[in-house]
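Observations on the model geometry
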Amino acid sequence: MITPVKQVNRFFMLALAPFIGLIICLLLFRPELEVGAIIPTNLPEDEVTSQTQTISKELAGAKEAAVQTSSSIKRTTLLYNKTTSTMSTIVQKATVQAARPETIYNKRITSKLGVPLDRVDSDRITIELYRVNPGTYKGYAMKIKLKDHNAMKMALNSELGRSETTMQAVKRSGAIAGINAGGFADSGGKRYPLSTTVMDGKYINGFQASFKDLFFVGLNDAGKLVGGKFFDKSSLDRLRPQFGATFVPVLMKNGQKTIIPDKWKVSPKRAPRTVIGNYKDDQLLIMVVDGYNESGSSGATLEEMQGRLLKLGVVDAYNLDGGGSSSLILNNRVINNPSDGSLRPVPTHFLFYK
C-alpha cells in the first residue's frame, strides 16, 4: 500500500515533468543573439545628433508655449474673477437703488397708518394690521402687499345659494386672512351673490351691466385690483378679471373722491363698513369700521371713509357690503366687532394666503 506522502510526491513529479524537459532543451539548444539584428549599426552619428537637437528645440518651444499659456490662463482667470466681483457689486447697488423709491413710498404710507398691531410676512404676501381711530368711529386697516398674485382669492361656495361666515371660509381654505366681499340677494331661503360675479375667470351668472350705482371689483390675472362701473361685457373683459364681486358705491378713482349718490349718503348715514382700495404701487388697503347696529347711528359715513382714504394716499377704493356683513379675520382671530354680535354668513369673501 502506497502512503499518502509518496502519492503526493509522485503526483508532483508527473505534473512538473514537461516543464523540466522544456527548460533542459532551452539550456542545451539556446540560439545566439546578434546585437545588429536589434540595433542597426549603420545609423550615422551626425543624423542621430541632428534629430536629437531638433527634438530638444521642439520640446523647449513646447515648454515655453505651455508656460505662456498657463500664465495667460492665470491672468484671464484673475480678470474674470475681478470682473465678476465688480458686476456683482454693481448689481447689488442697482438693486438697492431700484428698491429705494418703493421703500420710501412704503414708509410714507406707513407713517400715516401708525404702528402695526400685527404683521404677517412670507415670500407670497406681507400683511400689516393697524388701528383706525379718528375720533368719530373706530376700526382697523390692513395693508397688504401681494408678492404672488395667487396669494389673494375669492371664496364662493360651489353650490349657489349657500353662504358661510368669513371665518368659516378662512378655515375651509387655509387662508391667513379674510374679509367679506360683495353684496347679496336673498331668495327662497337662500343667499345669492349680487349682480356680476367672477370666479376663476368665469362669470357665475353671466355679465350684468352696472345699474343703480353698482360696481364690480376684483383682481386681474396680473394681481392688480380692477373695478368700476361696466356697461358692456367687453369693457370688463379687457381688464381680464380672475375673480370679483359687486356692491355700491365707488369711493375713490385715480386719487380723487367720487360723487356719492344722495341715496347712499343716508341709507344708512352711519354704519359698519368694509372698504377695499389700492395704492399706486398696487399694495392693497382694507378698512373695516365697527358699529353697534345698522340703524345709522354708529359707524362711519361714506364721506368720512373717503376723507380717510384720501389722507392715506389711496388711489382707487370701493365700498363693500357693510353693516352686519362687515368682517375682518387675521391669524384665526375675528379682529372687528360684528354688529350682529356674531359673524354673518355671506356668499363671497376675499381671502389672503401666506
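Right, let's walk through the structure included here. Computed from a prediction, not measured in an experiment: that's the story for all the values here. (Residues numbered from 1 in each chain as written. Predicted model: local features only at pLDDT ≥ 70, side-chain atom pairs only at ≥ 80, totals over all residues. Heavy atoms only, no water.)

Moving on, we get to unusual backbone geometry. The omega torsion across Val-248 and Pro-249 is -10°, close enough to zero to call that bond cis. Following the sequence through the fold, Pro-249 ends up in the loop between strand 12 (241–247) and strand 13 (250–253). Between Ser-267 and the following residue, Pro-268, the backbone shows a cis peptide bond with an omega angle of -5°. Within the secondary structure layout, Pro-268 lies in the loop between helix 6 (262–266) and strand 15 (273–278). The backbone of Asp-282 shows a phi angle near 75°, a positive value even though the residue is not glycine. Tracing the sequence through the fold places Asp-282 in the loop between strand 15 and strand 16 (284–289). Note on Asp-282: relative accessible area 27%, which makes it partly exposed. (Helix = DSSP H or I, 4+ residues; strand = E, 2+ residues; numbered from the N terminus. Buried < 20%, exposed > 50% of the residue type's maximum accessible area, 1.4 Å probe, protein only.)

One ladder, built from two bridges, connects strand 13 with strand 17 (residues 316–320); its direction is antiparallel. Pairing of Met-252 across the sheet is with Ala-317, part of strand 17. One ladder, built from two bridges, connects strand 13 with strand 14 (residues 256–257); its direction is antiparallel. By the bridge assignment for strand 14, Met-252 is matched with Lys-257. The turn joining strand 13 and strand 14, which pair antiparallel and follow one another in sequence, is formed by two residues; a positive phi near 55° is taken by Asn-254. (Pairing = 2+ DSSP bridges.)

Time to look at the packing of aromatic side chains. Counted under the stated rule, the structure contains four aromatic pairs. Here the aromatic rings of Tyr-203 and Phe-207 are separated by 6.2 Å at their centres, their planes lie at 90°, and the arrangement is edge-to-face. Consider the rings of Phe-215 and Tyr-318, whose centres lie 5.3 Å apart with planes at 45°: the pair is tilted. Placement of the pair is Phe-215 in strand 10 (residues 215–220) and Tyr-318 in strand 17, with a sequence separation of 103 residues. Under the relative-accessibility criterion, Phe-215 is labelled buried at 1%. Geometry around Tyr-353 places Lys-153 over its ring, the cationic atom sitting 5.6 Å from the centre. (Phe/Tyr/Trp six-rings, centres within 6.5 Å; stacked < 30°, edge-to-face > 60°. Lys NZ or Arg CZ within 6 Å of the ring centre and 35° of its normal.)

Note that Thr-274 resides in strand 15. Taking relative accessible area as the criterion, Thr-274 reaches 0% and is therefore assigned buried. Sequence-distant contacts of Thr-274, that is, excluding residues within four places in its chain, are made with Ile-179, Asn-180, Met-287, Val-288, Tyr-318, Asn-319, Leu-320, Asp-321, Ser-326 and Ser-327. (Contact = heavy atoms within 4.5 Å.)

This paragraph deals with the pattern of salt bridges. Enumeration over the complete set of coordinates arrives at 18 salt bridges. With a closest N to O distance of 3.2 Å, Lys-143 and Glu-128 form a salt bridge. With Lys-143 in strand 3 (residues 139–146) and Glu-128 in strand 2 (residues 125–132), the pair connects residues that are 15 residues apart, well separated along the chain. Between Glu-159 and Arg-162 there is a salt bridge, and its shortest N-O distance comes to 3.8 Å. (Salt bridge = Lys/Arg side-chain N within 4 Å of Asp/Glu carboxyl O.)

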